[in-house]
Each structure stands twice: as C-alpha cells, then as structure tokens.
Protein chains: 2
Amino acid sequence: MRISNEEKEQIVARIIDSAERQIAATGLSGLNLRSLASDAGIKPASLYNHFKGGLDEVILRVNSRTIKMLDQSLARAAKKADGEPVAVLFDSMAVAYLHFAIKHEKRFAALFEHRMANDAPIPEWHLQEHYNLFRHVERPLAAMNPNLGEDERRILARTIYSSVHGIVHLGRQGRLIALPVPVIEQQLGVITQVLADGLSAFAAKLS
Amino acid sequence: MRISNEEKEQIVARIIDSAERQIAATGLSGLNLRSLASDAGIKPASLYNHFKGGLDEVILRVNSRTIKMLDQSLARAAKKADGEPVAVLFDSMAVAYLHFAIKHEKRFAALFEHRMANDAPIPEWHLQEHYNLFRHVERPLAAMNPNLGEDERRILARTIYSSVHGIVHLGRQGRLIALPVPVIEQQLGVITQVLADGLSAFAAKLS
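Only a predicted model underlies this, so the values are computations on that prediction, with no experimental measurement involved. (Residues numbered from 1 in each chain as written. Chains lettered and ligands numbered in written order. Predicted model: local features only at pLDDT ≥ 70, side-chain atom pairs only at ≥ 80, totals over all residues. Heavy atoms only, no water.)

**Looking at the overall build of chain A**
Condition: Strands here mean DSSP runs of E at least two residues long; helices mean DSSP runs of H or I at least four residues long; both are numbered from the N terminus. Only protein chains enter the accessibility calculation, which uses a 1.4 Å probe; a residue is then buried when its area is under 20% of its type maximum, exposed when over 50%, and partly exposed in between. By definition, residues are in contact when any of their heavy atoms lie within 4.5 Å. Throughout, the Shrake-Rupley method with a 1.4 Å probe supplies accessible areas, and for residues the shown protein chains are the sole cover considered.
The number of helices and strands found in chain A is 10 helices and 0 strands. Here the C-alpha coordinates of chain A stretch approximately 70 × 35 × 35 Å along the principal axes. Taken across its 207 residues, chain A has 51% of its residues classed as buried. In chain A, the proportion of contacts linking residues at least 24 apart, taken out of those at least 6 apart, comes to 66%. Accessible surface for chain A amounts to roughly 10200 Å². Of this, 51% is attributable to carbon and sulfur atoms.

**With respect to the environment of Gly189 of chain A**
Residues and elements named next belong to chain A. With respect to the helices and strands, the residue Gly189 is situated in helix H10 (residues 181-206). Residue class for Gly189 comes out partly exposed when judged on its relative accessible area of 27%. A C-alpha to C-alpha distance of 18 Å links Gly189 and Lys79, two positions 110 residues apart in sequence.

**Things to note about the interface of chain B and chain A**
Under the convention used in this document: Buried area is calculated as the accessible area (1.4 Å probe) missing from two parts once they are joined, with the contributions of both summed. As used in this structure description, the phrase polar contact means that two N or O atoms lie within 3.5 Å; if the pair is within protein, one of them must be able to donate a hydrogen and the other to accept it, and residues adjacent in sequence are counted only when both atoms belong to side chains. Three categories are distinguished: nonpolar for Ala, Val, Leu, Ile, Met, Phe, Trp, Tyr, Cys and Pro, charged for Asp, Glu, Lys and Arg, and polar for the others, with Gly belonging to the last.
Listed as interface residues are 40 residues of chain B and, on the opposing side, 40 residues of chain A. Interface of chain B and chain A: buried area, both sides summed, is about 3900 Å²; carbon and sulfur atoms make up 67% of it. Here chain B is connected to chain A by 0 residue pairs in polar contact (both at pLDDT 80 or more). Taken together, the elements giving at least two residues each to the side of chain B that touches chain A come down to helix H6 (105-113), helix H7 (124-132), helix H9 (150-172) and helix H10 (181-206) of chain B. Of all the elements, H10 of chain B adds the most residues to the side of chain B that touches chain A, at 13 residues. Split into classes, the residues belonging to the side of chain B that touches chain A amount to 22 nonpolar, 12 polar and 6 charged.

**Structural notes on the relation of the copies chain B and chain A**
Which entries qualify depends on this criterion: Fitting of the copies onto one another was done by least squares over C-alpha atoms, counting residues only where both copies have pLDDT of at least 70.
Take chain B, turn it by 180 degrees, move it 0.0 Å along the axis, and it overlays chain A with an RMSD of 0.0 Å. This pairing of chains is accounted for by a two-fold axis. When the interface residues of chain B are mapped onto chain A, 100% of them again fall at the interface, so both copies present the same face.

Here it is, written out as structure tokens:
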C-alpha cells in the first residue's frame, strides 16, 4: 500500500505526540515502542521507516519540544523582569527554571537522562537547541559589560546556567537531598544576587 | 551451620568490596546480586541475612565509602589552599571536585543516580554523610563573615556546593553537553571568583 507524503507526516506527528504523552506520564523508562506504533496505527517494525534513528530520534524530537517550552518560559520570565536590575532578572529566570522543572518533572528529567543507543553522539542540531537556551543569560551579560569578549560571555552564560541547574537539580533530586520549594527559591535568590554582585566586580576589573 | 560474628563481618565486608568493584567498573546498572553472593561465597537469597535493606543497603554502604573518599579529597584541596584568599580556596576545592568526578566517574554517578526501591526514603545516617560535605564550604564562609547566622551560612554553603556540582555535572554529562576538561576548569575559575566577589559584597551588606 502506498501512502502519501501527507499521511507520512501525520504518522510522524502521531508517534511524537504519543511519545510525548508517555514521557510526560512515566518518564523515559516508560517509553514503549509497541504502544507508540499501536497509537500511530503502524506495525512496530515500521517505526524505523519513519524515524531512521529509531527510538532515539523519537526521544530527541520530544526533547526538542520540551526545550521549546522551556525557552518560552525563560523568555516570559526575562520579559517580566525587563528594565529591572540584573539580579532581579537572573532571579526571575532561575525561579522560572525551577518551576518548569517541577511542573514538567518527567519531561525535564528526560532532557538530562537520555543516553543515545550504542554511545552514538547527540546530533549537532539538537545540541544547538540546548546551547540556544544560554542566550537568555548572554543577553544581559552583554548589556552589563560591552567589553566582554564573545567567548568569555559564552563561558560565563553557560557557567551561570549550570550553577542554577545544579541548585534546581540537587534540590529537587528524588529523595537524595530534596528540599522544600521555598528553600530552593531562597537558594536561587541568594545565588542570583551573589552572581550579579560578583559579575559587577568582574566587569569593573575588565573595563 | 553456625557462623561466628567474625565470619559474619567478613562476609559483609566481602559483599561491599565486591559491590564497590562492580560499581567502579560498570556503574549501578552493572550491579549483579548473583555475582555479589558468589564473590562472598554465600547463596543469593541469604544476602538479606547480612543486609536487611537488600541491594539498596549494599549500594548505600558503597556510596558511603565514595563520600568518604570525596571528603578526603576536598579536605586535601582545602589544606593546599590554606591561608589563600577565599576565591583561591573555592577554586581549589571546585577543581578537586571536578577531578574526583572524572577519576571516579561511575562511583560519582552512583551517588546521584541511586534510587531506593519502592520509593523508600534514604536513611537519615546516609543523608547526614552527604550534608557533612558542605562543611568544607561552611568553614570559610564563617571565617569570611562571623555575622552570618547558622541557617544562612548553611543555605549559602549548600548553594555554592550545588552551583559547582551543576557545572561539573552538566560539563561532564555524557554526550549531552560534554566539555573539554580545561573549559570546565575555566568555568570553575570564573564562578569561584564571581562567588567570592559576590559573597564579599553580600557580607558587607550584612555587617
């Protein structure tokens, strides 16, 4: 049976939708190829006709959607703090990051827990989507200190992003050292203030 | 057959030694109850006679050893930077943390990836071992600013620890956004300087 390009696109979209629902409900470990295929009305083996990269590619496509949602959430937080001091802006974004991680717990975890089969490298297009999130931090850094070189700004943005990630990740992580949300918010308030003050000192040394 | 307390202790030690080797070689996912029992010369089912908490308890005991090693490594780094400015001290410990994570990759990962069976809580004694690591950061904070309240100092130490952890974790994490070691070291150098400068400003406001 021949199927049209339009039908093919619909099958691809149905598979991603279905994987998205499964990941949101039960996390990566709950992802089931058989039920993905059944939801899309195809045979399990023919999933590879639609996704050359198999299940890994399906997961990357879901993670892309998650990154897009996270990106919008950070953009909203940045907009809300528009015109405020940089400490307030950082805090607004950090708290948005925390609440995204709480609200979309399993999807957020999938971003960091997914491992490609056979140790294959993550495709470049997907890495770029991750890196692109750092621009929310790069922009205020550029405004704060126009003398900062591009490479230095990138490293700094990534460092700040990773710090906030570490606080959210360790604070929320399972039962290891899970903290109440207000305590994590307090931590984020402290670190963003400390970072903003430290960055001013750093900028002053450069200029 | 009756076995003496001494023999019992030897069996317990052999099981932990064997689990330690397995985790160091292949990570948590490589842990195999059958081969643990065989290494210790007991039947798989009788592992529960020696560890009431089963495999979880064995893993916690291995993680305790890893924490002790990490603790010694941080203590050495702190000692090496004794008398230096706080930024140098933080950097020394952050770089030690990074290199511990690299050298003992699978053991380090096991500290953060272990999930108790049936969502049981992590026992308090083990949580305390984790928390105890934060004292390496608390001590210089107390010296920097004696006006800092105990709670505030704890939150701050934990925040700094988590930030460094985030940078090491995201920087090293698999193929997601793995960075070359010198770049991570550069990130740690920046964040520790920024944190130290920011903390001085923070301390000045309090005093």
